[in-house]
Each structure stands twice: as C-alpha cells, then as structure tokens.
Amino acid sequence: MNTAVAPKKQTAFRLDADLIERLRVKARRENRSLNNYVERVLTAVAYDEPNEITIAAMKEAMTGEGEALDLSKWNEFIASL
C-alpha cells in the first residue's frame, strides 16, 4: 500500500465572504476544517472523469446493446443472504 502523502502547496484565492461562511458551516457539519473541506470538494470536482471501463458501460447502457441480466434466481439469492 502506498502511504506517501502528496506534497501540499499553499495558495490564496479571493472568495466572496458569504461563500466562505457557507463553506465554514458545511465544513463544521462534517467535522472538518475549512481547508480540508474545500480541498475535498475541489478534489471531487477535479477527478470526476470516468475511466474507460465506466465509459464503455455507460455507452452500453444508453444504447441497450449490453447483455440482459438473468434475474430468474434473484429471490433465491436474496433469501440466501
């Protein structure tokens, strides 16, 4: 397991005071610091592109070209849990 931490770089942004307050409230609700909350939100936005397998599955689902699911034993499966 890779436990290396990516280096951090300090930066500054000018944001609307109301936006900062809203972010503080959201961070507090999640027991996070403002910095940690903003970093998490930005990371989610920056890395939201699906990989090749997901893109292929999405195309398959949209065109209906995928194989049909066999749900004939679904109830049996659920009962076994």
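Values in this document were obtained by computation on a predicted structure and should not be read as measured data. (Residues numbered from 1 in each chain as written. Predicted model: local features only at pLDDT ≥ 70, side-chain atom pairs only at ≥ 80, totals over all residues. Heavy atoms only, no water.)

With respect to the pattern of salt bridges
Here comes step 1: Taken as a whole and judged by the stated rule, the model has 3 salt bridges.
Here comes step 2: Of the charged contacts in the structure, one is a salt bridge between Arg-40 and Glu-30, with a shortest N-O distance of 2.9 Å. You can see Arg-40 sitting in helix α2 (residues 34-46) and its partner Glu-30 sitting in the loop between α1 (17-29) and α2, a full 10 residues away along the chain. (Salt bridge = Lys/Arg side-chain N within 4 Å of Asp/Glu carboxyl O. Helix = DSSP H or I, 4+ residues; strand = E, 2+ residues; numbered from the N terminus.)

Some points on the confidence of the model for the chain
Here comes step 1: Mean pLDDT over the chain stands at 90; residues scoring 70 or higher make up 96%.
Here comes step 2: Per-element averaging of pLDDT across the chain places helix α3 (residues 52-63) at the bottom with 89 and α1 at the top with 98. (pLDDT = per-residue confidence, 0-100.)

Structural notes on the packing of α1 against α2
Here comes step 1: Between α1 and α2, the least distance of the axes is 9 Å, while the angle of their chain directions is 95°. When the interaxial angle is binned, α1 and α2 end up roughly perpendicular. Packed against α1, whose contacting residues are Ile-20, Leu-23, Arg-24, Lys-26 and Ala-27, the element α2 presents Leu-34, Tyr-37 and Val-38 at the interface.
Here comes step 2: Here the contact of α1 with α2 is built from residues that sort into 6 nonpolar, no polar and 2 charged. (Axes fitted to C-alpha atoms, helices over the stretch in contact; angles between N-to-C directions. Parallel < 35°, antiparallel > 145°, perpendicular 65-115°, else oblique. Contact = heavy atoms within 4.5 Å. Nonpolar A, V, L, I, M, F, W, Y, C, P; charged D, E, K, R; others polar.)

Points about the layout of surface pockets
One simple way to see leftover space: roll a probe sized like a water molecule over the atoms.
Here comes step 1: In this structure, the largest pocket spans a volume of roughly 760 Å³.
Here comes step 2: Lining of the largest pocket is provided by 19 residues; of these, Phe-13, Asn-35, Val-38, Glu-39 and Leu-42 occupy positions nearest its centre.
Here comes step 3: Within the residue set of the lining of the largest pocket, elements represented by two or more residues are α1 and α2.
Here comes step 4: The element contributing the most residues to the lining of the largest pocket is α2, with 8 residues.
Here comes step 5: Class assignment of the residues belonging to the lining of the largest pocket gives a composition of 12 nonpolar, 4 polar and 3 charged. (1 Å grid on protein atoms, 1.4 Å probe; cavity = no way out; pocket = protein on both sides within 12 Å on 5 of 7 lines; lining within 4 Å. Points joined across faces, edges and corners; volume = space filled by probe spheres on them.)

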